[in-house]
Amino acid sequence: MDGNSLMKLLGAWTHHSWGRGAEESQIAKAEQQLGCTLPADYVSFLRNLGWCDAGPFEVYGLGSDVPWHLELIRNTCWERHKARPRLWRHLIPVYPDGGGNHMCLDTSRIEGDHCSVVYWIHDCLPEEQAEVWFPSFDAWLRDQFGTPDSA
């Protein structure tokens, strides 16, 4: 999804804010620190907006203006190293549900420009699989932000 489509989608919400976008160096640093290649649809989101906050929906991201609580690297590292149980290494959280669970990019399932978005329940056993909810970040984003609160 391009930047204009993203802003149009998010702009329909009464309460919304997003960033100025992340620089290529910030995206490369995130991939290096998180030990994965981020899917192209999420990278497009990062380049164009960086992060977003629309009412109850917050999307982790990057950029010089990202709010502390939405910073992708910090949140991912905390979930991987400090939280109990620990977030699986191949998952990149993009949305917190407020109860300790996250919608995550499953970087073990990258196909082309996207990867599955899974719902990671923090008290899953290590041998359990996170349930696939969407085939891509774009599909998840359209589902979450497709109906504005003013409708």
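Just so it is clear, the structure is predicted and the values come from calculations on it, not from any experiment.

Novice: I'd like to hear about the pairing of strand β4 (residues 91-96), residue by residue, with values.
Specialist: Burial runs high along β4: five of the six residues are buried. Note: β4 against strand β5 (residues 102-111), five bridges, orientation antiparallel. Paired with Pro-96 across the strands is His-102, a residue of β5. Between β4 and β5, which pair antiparallel and follow one another directly, the connecting turn spans five residues, one of which, Gly-98, has a positive phi of 90°.

Novice: I'd love a proper account of the environment of Val-94, names of residues and values included.
Specialist: The residue Val-94 is located in strand β4 in this model. A C-alpha to C-alpha distance of 9.1 Å links Val-94 and Val-117, two positions 23 residues apart in sequence. Apart from residues lying up to four places away in sequence, Val-94 is in contact with Tyr-42, Glu-58, Val-59, Tyr-60, Met-103, Cys-104, Leu-105, Phe-137 and Trp-140.

Novice: Can you explain the nonpolar core? Please cite residues and give values.
Specialist: By size, the foremost hydrophobic cluster in this structure holds 35 residues, and its most contacted members are Tyr-42, Phe-45, Phe-137 and Trp-140. Filtering out sequence-adjacent residues up to four positions away, Trp-140 remains in contact with Val-59, Val-94, Tyr-95, Met-103, Val-117 and Phe-134. Counting residues in each nonpolar core, the second largest holds seven residues, with Leu-87, Cys-104, Trp-120 and Ala-130 among its members.

Novice: How would you sum up the packing of aromatic side chains? Please name residues and give values.
Specialist: What the rule picks out here adds up to eight aromatic pairs. Ring plane angle 40° and centroid distance 6.2 Å describe the contact between Phe-57 and Tyr-95, whose orientation is recorded as tilted. Here the residue Phe-57 occupies a position in strand β3 (residues 57-59), and Tyr-95 occupies one in strand β4, the gap between them amounting to 38 residues. This pair shows no difference in class: Phe-57 is buried, exactly as Tyr-95 is. With a centroid separation of 5.8 Å and 45° between ring planes, the pair formed by Tyr-95 and Trp-140 is classed as tilted. Within this pair, whereas Tyr-95 is found in strand β4, its partner Trp-140 is found in helix α5 (residues 137-145), the two being separated by 45 residues in sequence. Of the two residues examined, Tyr-95 and Trp-140, each falls in the buried class. Through successive ring pairs, a cluster of aromatic residues spans Tyr-42, Phe-45, Phe-57, Tyr-95, Phe-137 and Trp-140. The ring centre of Trp-68 lies 3.6 Å from the NZ or CZ of Arg-74, which sits over that ring.

Novice: Give a detailed account of the side chain of Glu-79, specifying residues and quantitative values.
Specialist: The residue Glu-79 is located in helix α4 (residues 72-81) in this model. There is no salt bridge for the buried Glu-79, and the closest opposite charge comes from Arg-74, which lies 8.4 Å off by N-O distance. Here Glu-79 is in contact with Pro-85, Arg-86, Leu-87, His-102 and Trp-120, once residues within four sequence places are set aside.

Cut-offs and rules
Residues numbered from 1 in each chain as written. Predicted model: local features only at pLDDT ≥ 70, side-chain atom pairs only at ≥ 80, totals over all residues. Heavy atoms only, no water. Buried < 20%, exposed > 50% of the residue type's maximum accessible area, 1.4 Å probe, protein only. Helix = DSSP H or I, 4+ residues; strand = E, 2+ residues; numbered from the N terminus. Pairing = 2+ DSSP bridges. Contact = heavy atoms within 4.5 Å. Core = buried A, V, L, I, M, F, W, Y, C linked by side-chain atoms within 4.5 Å. Phe/Tyr/Trp six-rings, centres within 6.5 Å; stacked < 30°, edge-to-face > 60°. Lys NZ or Arg CZ within 6 Å of the ring centre and 35° of its normal. Lys, Arg positive; Asp, Glu negative; His and termini not counted. Salt bridge = Lys/Arg side-chain N within 4 Å of Asp/Glu carboxyl O.

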